[in-house]
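Here are the chains, one letter per residue:
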Amino acid sequence: MASQDWFDKDFYKVLGVSKDVSEADLKKTYRKLARKYHPDSNPGDPAAEAKFKEISEAHSVLADPEQRKEYDQIRAMGSGARFTAPGSSSQGGFDDVFGGMFGGGQGGQRYTFQQGGQGGFDDVFGGLFGNGRFGTTSGGYRGYGGPTRGNDVTAHTTIDFVTATKGETISLQAADGKPFKVKIPAGVADGQKIKLRGKGQPSPDGGEAGDIVLTVTVRKHPVFERDGLNLRVTVPVTFAEAALGATIEVPTLGGDPVKLRVAPGTPSGRVLRVKGRGVQTAKGTGDLLAVVQVAVPSHLSGDAKEALEAFAAKLPDENPRDDILAKARS
């Protein structure tokens, strides 16, 4: 880090903490801010990335007791100090403070500040602060914010409808051939992602391991469909059952059929609800929704056709489409 940054940047203000903040509170505050502004949480947001680097830079200095002490001493010299070029007319700046050490600084001489070199910038400040380190990151830290997090690994799996609905622990195989177990929660949806913390690639420098991000594909069921926590099933009934009323059997997922009463005059599309026979999760339990569909016979015998025509002749002279035709014209 350039030494001028230690004058220009208020690391306490960047993290929103007081100058006497404890190590525990400093760490807690940094983790909260890091989660908020981490690039993984804000993809494609350059402002968030810049903020993340800023808070990581501040934390890398304040989290190290010796660097924090050096930083506080430098800042105590006054925020107005500046590195000025030799021979400039700036008064009371950085050259004035350390001019004697650099031979006056007013004779047009130039100095090269090198970090870690012999007789360089670190050596000069080493005598002042006792350790020769000025703005370097502490052991275990790499660049901004500490050890590098391992990379995430993406994976896909396909499960059947019953497994997705009721939940189950399944075994999968990683890219390196090693098996691992995944708990599929009850009610997982098609396309949903499950994050397995710390199961991704390891950190190259002792940091946190990455995650496995598992995308779940759910096979369609031949009878049932998901509707949130509800299960929906289409139930055919005959014209006579719909017109006269009947008691019918309706299938359930993984259980015995239940009996439902179809009221006389039930039209296609009416929903009959069976409480508590849907998807059961920690957040709640859905219902079974039986959607009535009146089945029309595709073939009629001569006698049946005559009987149906006689029945139709006895019906009121009404057009069931009058309502929608009137609404369409309005």
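Residues numbered from 1 in each chain as written. Predicted model: local features only at pLDDT ≥ 70, side-chain atom pairs only at ≥ 80, totals over all residues. Heavy atoms only, no water.

## Details of the overall build of the protein
Next up, step 1: Of the regular secondary structure elements, the protein holds 11 helices and 13 strands.
Next up, step 2: Counted over contacts in the protein with a minimum sequence separation of 6, partners at least 24 positions apart contribute 52%.
Next up, step 3: When the accessible surface of the protein is summed, it comes to about 20,600 Å², and 51% of that surface belongs to carbon and sulfur atoms. (Helix = DSSP H or I, 4+ residues; strand = E, 2+ residues; numbered from the N terminus. Contact = heavy atoms within 4.5 Å. Areas by Shrake-Rupley, 256 points an atom, 1.4 Å probe, with all protein chains shown as cover.)

## Quick notes on helix α4 (residues 46–62)
Next up, step 1: With 17 residues, α4 ought to run about 24 Å at 1.5 Å a step, and its terminal C-alpha atoms sit 25 Å apart, in line with that.
Next up, step 2: For α4, the complete set of buried residues consists of Ala48, Phe52, Ile55, Ser56, Glu57, Ala58, His59, Ser60, Val61 and Leu62.
Next up, step 3: Capping the start of α4 is the job of one residue whose side-chain oxygen sits 3.1 Å from the backbone nitrogen of alanine 47: aspartate 45. (Expected span 1.5 Å × (residues − 1). Buried < 20%, exposed > 50% of the residue type's maximum accessible area, 1.4 Å probe, protein only. Polar contact = N/O pair within 3.5 Å; in protein donor to acceptor, adjacent residues only side chain to side chain.)

## Some details on the nonpolar core
Next up, step 1: Ranked by internal contacts, the top residues of the largest apolar core, which has 34 residues, are Ile159, Val182, Ile248 and Val250.
Next up, step 2: There are two domains that each give this core at least three residues, and those are domain 2 (153–218) and domain 3 (221–329).
Next up, step 3: The contact partners of isoleucine 159, leaving out residues within four places of it in the chain, are Ala164, Ile170, Ile184, Val188, Val216, Thr217, Val218 and Arg219. (Core = buried A, V, L, I, M, F, W, Y, C linked by side-chain atoms within 4.5 Å. Domains from an automatic or database assignment.)

## A short note on the packing of aromatic side chains
Next up, step 1: Taken as a whole, this structure holds three aromatic pairs when the rule is applied.
Next up, step 2: An angle of 25° between the planes, with centres 4.8 Å apart, marks the rings of phenylalanine 11 and tyrosine 71 as stacked. Taken together, the positions of phenylalanine 11 in helix α2 (residues 11–15) and tyrosine 71 in helix α5 (residues 65–76) put the pair 60 residues apart, joining distant regions of the chain.
Next up, step 3: Classification of tyrosine 71 as buried rests on a relative accessible area of 1%.
Next up, step 4: With centroids separated by 6.1 Å and ring planes inclined at 45°, the aromatic side chains of tyrosine 12 and tyrosine 71 adopt a geometry described as tilted. Taken together, the residues span a long stretch of sequence, with tyrosine 12 in helix α2 and tyrosine 71 in helix α5 at a distance of 59 residues. Pair check on accessibility: tyrosine 12 and tyrosine 71 agree, each one buried.
Next up, step 5: Following the ring pairs from residue to residue traces out a cluster consisting of Phe11, Tyr12 and Tyr71. (Phe/Tyr/Trp six-rings, centres within 6.5 Å; stacked < 30°, edge-to-face > 60°.)

## Here we look at the pairing of strand β13 (residues 288–295)
Next up, step 1: Examined bridge by bridge, strand β7 (residues 230–238) and β13 share eight bridges and lie parallel to one another. Bridging across to β13, leucine 231 finds its partner in leucine 288.
Next up, step 2: The sheet contact formed by strand β10 (residues 271–274) and β13 spans four bridges and is antiparallel. By the bridge assignment for β13, valine 274 is matched with leucine 288. (Pairing = 2+ DSSP bridges.)

## Topic: the pattern of salt bridges
Next up, step 1: Scanning the model with the defined rule gives 10 salt bridges in all.
Next up, step 2: Taking the shortest distance from any N to any O, the salt bridge between glutamate 54 and lysine 51 comes out at 3.9 Å. With a gap of three residues between them, glutamate 54 and lysine 51 both fall in helix α4, about one helical turn apart.
Next up, step 3: Given a relative accessible area of 35%, glutamate 54 falls into the partly exposed group.
Next up, step 4: Accessibility expressed as a relative area gives 26% for lysine 51, which makes it partly exposed. (Salt bridge = Lys/Arg side-chain N within 4 Å of Asp/Glu carboxyl O.)

## Some details on a nonpolar patch on the surface
Next up, step 1: Together, Phe239, Leu300, Leu308, Phe311 and Leu315 make up a nonpolar patch on the protein surface, roughly 460 Å² of accessible area in all.
Next up, step 2: On the accessibility criterion, leucine 308 (41% relative accessible area) is partly exposed. (Patch = residues over 30% accessible without salt bridge, like charges linked within 9 Å, V, L, I, M, F, W, Y side chains within 5 Å.)

## Things to note about the environment of glycine 286
Next up, step 1: Mapped onto the fold, glycine 286 is located in the loop between β12 (284–285) and β13.
Next up, step 2: Spatially, the C-alpha atom of glycine 286 lies 7.3 Å from that of leucine 231, the residues being 55 residues apart in sequence.
Next up, step 3: Beyond its immediate chain neighbours, meaning those up to four positions away, glycine 286 contacts Leu229, Asn230, Gly276, Arg277, Gly278 and Val279.

## Focus: the sheet that holds β7
Next up, step 1: Across the sheet, four strands lie side by side as β6-β7-β13-β10; this open sheet has mixed pairing. Strands with a single pairing partner mark the edges of an open sheet, and in this sheet they are β6 (224–227) and β10. Direction aside, the axes of adjacent strands within the sheet are offset by 35° on average.
Next up, step 2: One ladder, built from four bridges, connects β6 with β7; its direction is antiparallel. Directly across from aspartate 227, in β7, lies its bridge partner asparagine 230. (Axes fitted to C-alpha atoms, helices over the stretch in contact; angles between N-to-C directions.)

## Observations concerning the sheet that holds strand β1 (residues 153–159)
Next up, step 1: Strands sit in the order β1-β5-β4 across an open sheet of three strands; the sheet is mixed. The sheet is open, and its two borders are formed by β1 and β4 (193–196), each paired with just one other strand. The mean angle between the axes of side-by-side strands here comes to 25°, regardless of whether they run parallel or antiparallel.
Next up, step 2: Alignment of β1 against strand β5 (residues 212–218), held across seven bridges, turns out to be parallel. Residue isoleucine 159 lies in a different strand from β5, and its bridge partner there is valine 218.

Spatial relationships are all this shows, so hold off on functional conclusions.
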